[in-house]
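One-letter residues, chain by chain:
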Amino acid sequence: MTVFIQGLTTGILMGCVYAFFAIGFTLVLGVMKVVNFAHGTFVVMGMYLAIFIFTTYLWDPFLSLLIVIPSMFAFGLVVYHLIIRPIREQPLSAHVIATIGLLVIVENIITLMFGSQYRTVTVSYTTSALVVGGIRMGIARMLAAGTSLCVVALSYLLLHRTDFGRAVRACADDIEGAWGLGVDVNRTFMVAFGLGSVLAGFSGAAVMPFAVASPSSGLDIVIKAFVIVIIGGMGSVGGALVGGLIIGMVEGIVSALWSPAIAIAALFMILIIMLMISPEGFFAGEA
Amino acid sequence: MLSESPLKKTIFSLFVLALLAVPFFIRSDYLLTVLIGALYGAYICVCWNLAAGYAGLFSLGHQAFLGLGAYASTILFVKYKITPWIGMFVGGMIAAIFAAFITFVCYRCRLKGMFFAVATLAFGFLVQALFMTWDYVEASTGIWLLLQNKPQDYFFMARTPYYWIISSLLIISLLVTYFLERSRLGYRMVAIREDEDVAESLGVDSSRCKIWVMTLSAFLTALGGTFYAQFYLYISPENILSIDPLITMQVGTLVGGSGTLFGPVIGWAFFSFLGEFLRGLPLGATAVGVISRIIWGLSLLLVILFLPTGMVGLGRKLVRRRAREEGKEGSL
Amino acid sequence: MEKGRGWPAAAIGISLIIIFLGGIALLGITPIPGLTAPATVKVGIDVGLTGFAAAWGKHAWNTYQLAFDKVNAEGGIKSLAGAKIEYKVMDYESKPDIAASNAEKLISWGASVIFGCNSSGAAMTASQVCQRAGISFIDTTDADPMITGRGFKWVFRTCPMASQLVPSAAEFMTYQGKVTGVKPTRVALLTVEQAFGASVRPVFVEGIKREGFNLVEDITYPTDQKDFTGVINKLKTRGVDFVCFVCSTPDSILLIRTFKEMDYNPIGHIGIIGGQYTDDYVKTLGKDADYTFDSCFWTPDLKVSGMADLMKEYRTRFGLDFDATDATVINSIAVYRDALDRAKTTEPEKLREAIASTDIGLGRYGYLVPDGCKFDATGQNIKQKAIVFQIMDGKWLSVYPPGVAASKAVWPILKWSQRK
């Protein structure tokens, strides 16, 4: 029984982290209907920025966010302008090729600068844990999960309580209509993509206290994000959280009771079931 | 007005002649291996193009058919001593059945466009994950085939027989594409791809068409899987069921021009030789692989940004421009 | 949607193909090694410098450079009239397909021998190419038994493989049980899903059972597994008191971190080569790496003359510490040089025969591990012993077999709460 509860607990924590990875992805997909296969590699950029700042200045990854967030935002704006804007209205195939090209470029620039070997960041709380009733919860993991929840909440508020958020949702629903209302669609999309990149980098930095990074982790991350987005619904931040929690828990429990290898198969089976019952996801249409 | 069939036939014959001539000029094992690799890539691109380019079935799980073909023929050979020459057709049938099933289910659940893509993506990863843990197929260890010379069992020591086999496969797949383009099924496919609802209202049974095309594509892809197994002599979920072959299929087809006959071949020929060329540059051992991949990725980006209709699309634009310059045919 | 006239593009495409072919054909002229007394001896090196194999590959490449540059500086190969060694490296990017194509390219460049590969999958494909082309392949560091298990006469392996590394580990466990009275009663085996893990696992399962231990958990995990809390929790609840690993660097790091995070204190844990002997492991884990056991090829505390100087030279030139991968490369180069002396030519078949009849001891051309090298009929070195080490204060100390070991093991290992 303890095995089950431990698996569940870790699963919930990791689920929040996965949701964190997916928020930026679902935002971009929902708002401008662009599939960004390089999203996972943006997360990895955040990881390596945190690693670099830690190795050079010994700043905790959370402190390095002061640099990571503006950098990723600027990066996102540039990428939007150069790559995303031209392909936005083209079919899915163009998105796939363009973002795969971007993925390859970014991944290899990271390899050129940092090498392919695995990197970690070891802070004072990397291996500390909180013990509650025999269940151990890693402090670093809890911090990342907590940050994720705050970011989800903030994102929701941003989308529903601010003018910018309203503009974003308007563009997502009906571009012509949004133009008509005087919304600068292009600028909105650009900022939204910048935000998506920030969220990606943020999540990457936030997990560095306990994660192991490598330049090629990007593809796995974006595939998980895809699964989450299908379950939760494109463009829905709350959906990303629910999706993340579901796959986190499934992974945690199946790994604990059977084996990690079976857990992966289980995740895709869930995806297929979701596609058959409700492909739009649980929170389709809502942001 | 030029009729295009004779033209395509001419180009096609030239291509076949070039393919036939090669082994007489090229002796180096290394070059033959590179060529065989390029032709194999072109072949799987053409197979994927049937489904994705012509019918708009953007399949992100096609590598599963490759793997099913490879594993079917290999298991049949290793465990039951059935020659891969027969095994490959069994593999093809298995892939075809799965393809038909998936397409049917997607049709029933109204999964189109991006959702169809995600469904196939899930299928592809599911197959990989299952094979990674299934001991009957040696799970993640993979299966090694012994290097030997046994033509009746699809094994050759020399490279040239493999070259003939893959060239034949490529030519067959191009012929299939060519005749499909001109068949009733082909016209229906394009109608569905352009606008499914309109096509249906005109009486096209889109589910039948989609299933046929996907099945055909899967069958041919599986034959390629067996070739891979017999040539590279090692299959594992990490090579043939991974996303790498899928990226090959997409890059070649989409860059060359999806929905065209030669697009996939040209697209993949360009990128595979680009890759080989870049890897041979004198940039220092550690840097060369990385820099060549960066340039590769950059080329991909540039092509898609500036040639959205692929290389064949560029060719068509040039033709149109020349026709406009040369003649005053066609009034404004 | 018009049906297109793709012919200009098709024509361009075909011309491009023909031009490329012509270009490459011009580059593909193959010199046949050994026809004349060579002014240089060409050596091909097929290693992984990017991707997961880079952790070992970058070390190997360093050593090749160090060793061959030294040979050339000291006057080249004396038995071949001072011929210099011309070496060429190719990166297979941790992909077996590319390893095979690299081997082909190196052979067409004129390599008299191919060294490789630092990952079993790549070694399998590259050695296959060499077998077909009739050029000797010397495997420096890979453990998959199948590499020398295919009856390929052109394939040799100087390092111990799984069926030698595993018995060392299992016998060590029995030995320590006897010597200290603390015997493992419930053993678990954790294996990574790569070809390396999958090929060693059955050997390990058999080895553990043969020594009479009770194997209660046999868990396999995917290569990029990011979280082991579930796995460790299972070990704890099932009362596992000893853990055996077959893992690579990132997972070994994560596993030990999770041990600490969950305060899991087995009697000990032992790996088979893998990540535990790399400097990444020690650097990243710091003090947490201490007490790790691993069955491996070499340790820095062996008494071999000239070794200390070699390690200093390595450190000065590359800024890294010499590790077991580097040692295996030195050993393989020693075998090659000895064979060249006896063959007195780089003609492939004669060279192969010379390599096959190798019988050298510790110290010959700098061979770093007892008892040296002698190949059996399958091309496997049967003289070299596998050494078990324990990490202490960030250093690898040999603790088994008794005649060779320089230190005594700390067994059982200290609990996390007891460590400072």
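Throughout this description, residue numbers start from 1 for each chain and increase along the sequence as written. Throughout, the order in which chains and ligands are written sets their labels, letters from A for the former and numbers from 1 for the latter. Confidence filtering applies because this is a predicted model: local features only for residues at pLDDT of at least 70, side-chain atom pairs given and counted only at 80 or more, and all residues used for totals across whole chains, interfaces and linings.

An account of unusual backbone geometry is needed here, citing residue identities and associated values.
Residue and element names in this part refer to chain C. Note the cis peptide between Pro-370 and Asp-371, where omega equals 0°. Note on conventions: DSSP H or I runs of at least 4 residues are helices, E runs of at least 2 residues are strands, and numbering of each starts at the N terminus. Secondary-structure assignment places Asp-371 in the loop between strand S11 (359-360) and strand S12 (373-374). Its identity as a non-glycine residue notwithstanding, Glu-93 has a phi of 55°, on the positive side. Three exposure classes are used, based on other C-beta atoms lying within 10 Å of a residue's own C-beta, which is placed from the backbone: buried for 20 or more, exposed for 12 or fewer, and partly exposed in between. On the neighbour-count criterion, Glu-93 (23 C-beta atoms within 10 Å) is buried. Even without a glycine there, the phi angle at Asp-393 is positive, about 55°. With respect to the helices, strands and loops of the structure, Asp-393 is situated in the loop between strand S13 (387-392) and strand S14 (395-400).

Break down the confidence of the model for chain B for me, citing the residues and quoting the values.
Per-residue confidence for chain B averages 85 on the pLDDT scale, and 95% of its residues sit at or above 70. Least confident of the elements in chain B is helix H13 (residues 310-326) of chain B, whose mean pLDDT is 75; most confident is helix H3 (residues 63-80) of chain B, at 94. A score between 0 and 100, pLDDT records how confident the predictor is in each residue.

How would you sum up the packing of helix H3 (residues 61-87) of chain A against helix H8 (residues 185-207) of chain A? Please name residues and give values.
Residue and element names in this part refer to chain A. For the pair H3 and H8, the least separation of the axes is 7 Å and the interaxial angle reads 145°. For the pair H3 and H8, the crossing hand works out as right-handed. Each residue is assigned to one class: nonpolar for Ala, Val, Leu, Ile, Met, Phe, Trp, Tyr, Cys and Pro, charged for Asp, Glu, Lys and Arg, and polar for all the others, Gly among them. A per-class count over the contact of H3 with H8 returns 18 nonpolar, seven polar and no charged. The convention used is that axes are lines fitted to C-alpha atoms, helices contributing only their stretch in contact, and that angles between N-to-C directions extend from 0 to 180 degrees. Rotating anticlockwise by less than a right angle from the far helix to the near helix defines a left-handed crossing, while the corresponding clockwise rotation defines a right-handed one.

With reference to specific residues and values, describe the pairing of strand S3 (residues 135-138) of chain A.
All names here are of chain A. Alternating residues of S3 divide into Arg-136 and Gly-138, all buried, and Ile-135 and Met-137, none buried. Note: strand S2 (residues 129-132) against S3, four bridges, orientation antiparallel. By the bridge assignment, Val-131 is partnered in S3 with Arg-136. We treat two strands as partners when DSSP finds at least two bridges between them. In sequence, S2 turns back onto S3 through a hairpin of two residues, with Gly-133 there showing a positive phi of about 60°.

Give a description of the domain arrangement of chain C that names residues and reports values.
All names here are of chain C. The domain architecture assigned to chain C consists of domain 1 (40-160 + 303-374) and domain 2 (163-296 + 387-418). Throughout, a pair of residues is in contact if the C-beta atoms placed from their backbones lie within 7 Å. Contact residues are listed per partner, giving 15 residues for domain 1 and 18 residues for domain 2. Across the side of domain 1 that touches domain 2, the residue classes tally to nine nonpolar, three polar and three charged. Residue ranges for the domains trace back to a domain assignment, done automatically or taken from a database.

Go over the nonpolar core with me, naming the residues and quoting the values.
For soluble globular proteins, nonpolar side chains are generally found buried alongside one another. The term nonpolar core means buried Ala, Val, Leu, Ile, Met, Phe, Trp, Tyr and Cys residues held together as one set by C-beta atoms within 7 Å. Membership of the largest hydrophobic core comes to 348 residues, with the highest contact counts inside it found for Ala19(A), Ile166(B) and Ala126(C). Considering each element in turn, this core owes the most residues, 20 residues, to helix H2 (residues 29-54) of chain B. Both domains that meet at this core, namely domain 1 (40-160 + 303-374) and domain 2 (163-296 + 387-418) of chain C, each give it at least three residues. Discounting residues that sit within four places of it in the chain, Ala19(A) has contacts with Ser148(A), Val152(A), Ile228(A), Ala240(A), Leu241(A), Gly243(A), Gly244(A) and Leu245(A).

Run through the interface of chain A and chain B, naming residues and quoting values.
The interface of chain A with chain B comprises 34 residues on the first partner and 34 residues on the second. When contributions to the side of chain A that touches chain B are tallied by element, the ones reaching two or more residues are H3, helix H4 (92-114), helix H9 (218-232) and helix H11 (260-277) of chain A. It is H4(A) that provides the largest number of residues to the side of chain A that touches chain B, a total of 15 residues. Classifying every residue of the side of chain A that touches chain B gives 29 nonpolar, five polar and no charged.

So what's going on with the pairing of strand S9 (residues 268-272) of chain C? Which residues, and what values?
Residue and element names in this part refer to chain C. In terms of burial, S9 is largely enclosed, as five of its five residues are buried. Side chains Gly-268, Ile-270 and Ile-272 project from S9 onto one buried face, and the interleaved His-269 and Gly-271 project onto a second face that is buried too. Strand direction decides the pairing type here: strand S8 (residues 242-246) and S9, joined by four bridges, are parallel. By the bridge assignment, Cys-244 is partnered in S9 with Ile-270.

Please give an account of the sheet that holds strand S4 (residues 136-139) of chain C that cites residues and values.
All names here are of chain C. With parallel pairing, five strands are arranged side by side in an open sheet as S2-S1-S3-S4-S5. Two strands lie at the open edges of the sheet, namely strand S2 (84-91) and strand S5 (155-157), each paired on one side alone. Looking at each pair of strands side by side, their axes are set apart by 25° on average, direction ignored. Looking at chain direction, strand S3 (residues 113-117) and S4 are connected through four bridges and run parallel.

Talk me through helix H10 (residues 307-318) of chain C; I want residue IDs and the actual numbers.
How far a helix is expected to stretch is found by multiplying one less than its residue total by 1.5 Å. Given a rise of 1.5 Å per residue, twelve residues ought to cover 16 Å, and the 16 Å separating the end C-alpha atoms of H10(C) matches this to within 8%. One or two residues past the end of H10(C) sits Gly319(C), with phi positive at roughly 70°.

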